[in-house]
Amino acid sequence: MSKRLFSKRQRLLLGWGAISVVGMLVLAYIAFIVKPPEDPATPNSDGTIEGLTHRHGSKTTMVKFSFEERRETAGINFHHFPATRRSLMPEDMGSGLAWGDYDNDGDPDLFFVNFYGSILEPIHEEKGRPALYRNEGNGHFTDVSKIAGLDKASFGLAAAWGDYDNDGDLDLYITNYGPNLLYRNNGDGTFTDVTAQAGVDDSGFSAGCGWGDYDNDGHIDLYVATYVEFEYRAEDAAIISQQYGSEIPYTINPSSYPPASNKLYRNNGDGTFTEVAEATGVANPDGRSLGIVWFDFNNDGLVDLYVTNDVSANGVYRNLGDGTFADIGASSLAADYRGAMGMAVGDYEHDGDFDLFVTHWIAQENAFFENRVVGGFSDEQGKPRLFFTDEADMLGGLGQISLNMVGWATGFADFDNDGYPDLWIVNGHTLEMEDDNTLLQPQRMHIFRHEPGKGFIEVGKQAAPVLAKPFVGRGGAHADYDGDGKMDIAVMVHSGVPLLLHNTSTGDRHWLTLRLRQSGGNTQALGTRVTVRTGELVQTAQVGAEGSYLSQHHSDRHFGLGSATKVDELTIYWPDGTVEKHQDIGSDQLVIFKHVADYRH
């Protein structure tokens, strides 16, 4: 018998090798003749990015809602940062705005934070002041800043309304580059500065802030994010680095400065606060913190805490119910190390838990953290596992479309009242214009329509023609300021005048707005969870749990009902543990529910 030329092993190797070579040749041929798909993050000729809308069977011309810019006709005459920019970080962070009904007339009023001017100059009262605009209820606002006593100039960043003294009216906290401010509402249209006596006069580089009753005692507490330990040195101005083809001055780079610890002020119930961040486990000393939001991660009735950090891991803190928090950043999968700014909270998929959207710096993609706590996953002890997964690229390309953007304020709001939350994002660069380093590069604001089963489709410039023009955005928040059942947006423009985007959408879809109030403590019912059922659709929301950037949305809870003319069942989970149910509530109205809270148990 003749001897075979190759062994069995050699024949197998030769056979598979030949197949591999043929396969590689076929792939090379395909790569040569087939045009590769365009990068969804590649800018158009006008610098905009359309994203992946075409891949989901929808066109951006399919617009179901519309907005008109109404700032001037509404009587708002405000200008942010009336000074020349000097490439210093505190000046670039922008300022926020806050919706809140300070005079209890039923209409949300609007407070604009302002950054006085250059931090190298002393403050003079004649310019750069904040402004309080009282809502007159007819689509018009009146500047009452001076009368109210809220016109003190500062290097302002954020603001948050909250009734810290439980007297039934909203007080106001303002964060600054420098001493923060707490104003007590006197109930007569005026405010008194009580910062020092309340013990909340932190003088660092504060950023976002938020009220929440973390220990559930009926006295709302205050968390304040602190950014970095910024120190101006004239010689630093000469230090320049390169990023993404642009020059980055040392004095606007957050990595140039060490992070600073955050503050948690526990309300003592007597008009004073005690700082307990380190003792409770939420000081976050390694984070360059910009934003915070209180919301219940796991539906246990306790508000948890999420902190957005720039060039550092985000803070994810679960409330243990004993006055302390557990740092679950690693296990939550929601503490990734990026440049995080703003956030939005909502139950976009109607599964009963709250999801989280986070805006980021250029080339880092925005994140859409889907909450998996009700997904049936368990930990080693058999308890529901608390974690999030980033689904941004699965939801209409929310990740890719943001690659060339720097995102700030954001929010979920049902603009077309179809029962599904839409999404808006304020963008604006931190890089300077090449031909004028006193100016920042403008970017276009995004508005996404939620199409169930397909994701989020960007329709901003089609829905609001004013958004075709880019601007340097920072803060922003939504509210139904004219009570017509359609959500509007106010946007802070850095070094410019704000936008007031009035929702002018038409159609026959229905809605319901809820206003929740309490006596006995926590008068604004912060932390209350609400579910609204219409047929098989169940929507979930929580009072005071929406986020944004340096800004505050109005606390009323708005629900789009689609074609439903009534709510079949409404369930309210009050902070004291009481559960209240109502049936057959008519649509297209504001309904107020009042609860007598019992915090003794």
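Just so we're clear, the structure is a prediction, and the values are computed from it rather than from any experiment.

Draft legend 1. Spatial organisation of the overall build of the protein. Looking only at helices and strands, one finds seven helices and 42 strands in the protein. Per-residue burial for the protein yields a buried fraction of 57% across its 601 residues. Within the protein, counting contacts between residues at least 6 apart in sequence, those at least 24 apart form 60% of the total.

Draft legend 2. Region of the structure containing unusual backbone geometry. In this structure, Ala363 is a non-glycine residue whose phi angle is positive, near 70 degrees. Here Ala363 shows up in the loop between β23 (355-360) and β24 (367-371). Overall, Ala363 belongs to the partly exposed group, its relative accessible area being 36%. Notably, Leu550 is not glycine yet its phi reads approximately 55 degrees, a positive angle. As for its placement among the helices and strands, Leu550 is situated in the loop between β38 (547-548) and β39 (557-562).

Draft legend 3. Inspection of the environment of Pro470 at higher detail. With respect to the secondary-structure elements, Pro470 resides in the loop between α7 (460-463) and β32 (473-479). Given the relative accessible area of 36%, Pro470 is considered partly exposed. Placed 26 residues apart in sequence, Pro470 and Arg444 show a C-alpha to C-alpha distance of 4.1 Å. Residues in contact with Pro470, not counting those within four places in the same chain, are Pro442, Gln443 and Arg444.

Draft legend 4. How the structure looks around the pattern of salt bridges. Per the counting criterion, the structure on display carries 23 salt bridges. The salt bridge involving Arg85 is made with Asp92; its shortest N-O contact spans 2.7 Å. Between Asp236 and Arg233 there is a salt bridge, and its shortest N-O distance comes to 3.0 Å. One continuous salt-bridge network, built from bridges that share partners, spans Asp416, Asp418, Arg449, Glu451 and Arg509.

Draft legend 5. Molecular detail of the confidence of the model for the protein. Residue-level pLDDT values for the protein average 90, and 89% of them are 70 or greater. Within the model, the stretch residues 1-14 combines pLDDT values under 50 with three contacts to residues more than four positions away or in other chains.

Draft legend 6. Representation of the pairing of strand β35 (residues 510-519) in the model. The buried fraction of β35 is high, at nine of ten residues. Bridging between β35 and β39 involves five bridges; their strand directions are antiparallel. Each residue of the ladder has a partner; that of Leu514, found in β39, is Arg557. Here β35 pairs with strand β42 (residues 589-596) via eight bridges, running parallel. Across the sheet, Ser519 pairs through a bridge with Val596, a residue of β42.

Draft legend 7. Expanded view of the sheet that holds strand β37 (residues 537-542). Pairing is antiparallel in the open sheet, where four strands are placed in the order β37-β36-β40-β41. Because the sheet does not close on itself, it has two edges, and the strands there are β37 and β41 (579-586). Strand after strand, the sheet turns through a mean of 20 degrees between neighbouring axes, direction not considered. Here strand β36 (residues 529-534) pairs with β37 via six bridges, running antiparallel. Among the inter-strand pairings, Thr531 is bridged to a residue of β37, identified as Thr540.

Draft legend 8. Seen up close, the nonpolar core. Counting 82 residues, the largest nonpolar core has Trp211 and Met445 as its most contacted members. Here this core spans two domains, since at least three of its residues come from each of domain 1 (67-511) and domain 2 (512-596).

Draft legend 9. Focus on the packing of aromatic side chains. Counted by the stated rule, this structure contains 36 aromatic pairs. Seen in terms of ring centroids, Trp161 and Phe191 are 6.1 Å apart; in terms of plane orientation they differ by 50 degrees. Their pairing is tilted. Of the two residues, Trp161 sits in strand β6 (residues 156-162) while Phe191 sits in strand β9 (residues 191-193), which places them 30 residues apart along the sequence. Among the residues examined, Phe191 registers a relative accessible area of 7% and is labelled buried. One aromatic cluster is present, formed by Phe81, Phe115, Tyr116, Phe155, Tyr177, Phe205, Tyr227, Phe230, Tyr250 and Tyr257 through successive ring pairs.

Draft legend 10. Summary view of the side chain of Asp202. Among the secondary structure elements, Asp202 is positioned in the loop between α4 (195-198) and β10 (206-212). Among buried charged residues, Asp202 stands out as having no salt bridge; its nearest opposite-charge side chain is Lys263, 4.1 Å away. Engagement of the side chain of Asp202 in a polar contact is seen with the backbone nitrogen of Gly204, the distance being 3.4 Å. Each residue touching Asp202, except ones within four places of it in the same chain, is listed here: Gly178, Pro179, Asn180, Thr226, Lys263 and Tyr265.

Draft legend 11. Region of the structure containing the sheet that holds β9. Pairing is antiparallel in the open sheet, where four strands are placed in the order β6-β7-β8-β9. The sheet terminates laterally at β6 and β9, the two strands that pair on one side only. Taking each pair of neighbouring strands and ignoring which way they run, the sheet shows an average axis angle of 20 degrees. Where β6 lies against strand β7 (residues 171-176), five bridges are found, and the strand directions are antiparallel. Directly across from Trp161, in β7, lies its bridge partner Leu172.

Draft legend 12. Quick peek at the side chain of Ser154. Looking at where Ser154 falls in the secondary structure, it is placed in the loop between α3 (145-148) and β6. Look past the residues within four positions of Ser154 in its chain and what remains in contact with it is Asn114, Phe115, Tyr116, Ile123 and Asn176.

Draft legend 13. Up close: the pairing of strand β8 (residues 178-185). For β8, the tally of buried residues reaches six of eight residues, placing the bulk of the element in the interior. Note that β7 and β8 share four bridges and pair antiparallel. Its bridge partner lying in β8, Ile174 is registered against Leu181. Between β7 and β8, which pair antiparallel one after the other, the connecting turn spans one residue. Relative to β9, β8 is paired through three bridges, and the arrangement is antiparallel. Paired with Asn185 across the two strands is Phe191, which belongs to β9. Counting the residues between successive antiparallel strands, the hairpin from β8 to β9 contains five residues, one of them, Gly187, with a positive phi of roughly 85 degrees.

Draft legend 14. The environment of Ser246, seen in detail. Relative to the elements of secondary structure, Ser246 occurs in strand β13 (residues 246-249). Separated by 187 residues in sequence, Ser246 and Met433 have C-alpha atoms that sit 9.0 Å apart. When residues no more than four places from it in sequence are discounted, the contact partners of Ser246 are Ser241, Leu431 and Gln441.

Reading guide: rules and limits
Residues numbered from 1 in each chain as written. Predicted model: local features only at pLDDT ≥ 70, side-chain atom pairs only at ≥ 80, totals over all residues. Heavy atoms only, no water. Helix = DSSP H or I, 4+ residues; strand = E, 2+ residues; numbered from the N terminus. Buried < 20%, exposed > 50% of the residue type's maximum accessible area, 1.4 Å probe, protein only. Contact = heavy atoms within 4.5 Å. Salt bridge = Lys/Arg side-chain N within 4 Å of Asp/Glu carboxyl O. pLDDT = per-residue confidence, 0-100. Pairing = 2+ DSSP bridges. Axes fitted to C-alpha atoms, helices over the stretch in contact; angles between N-to-C directions. Core = buried A, V, L, I, M, F, W, Y, C linked by side-chain atoms within 4.5 Å. Domains from an automatic or database assignment. Phe/Tyr/Trp six-rings, centres within 6.5 Å; stacked < 30°, edge-to-face > 60°. Lys, Arg positive; Asp, Glu negative; His and termini not counted. Polar contact = N/O pair within 3.5 Å; in protein donor to acceptor, adjacent residues only side chain to side chain.

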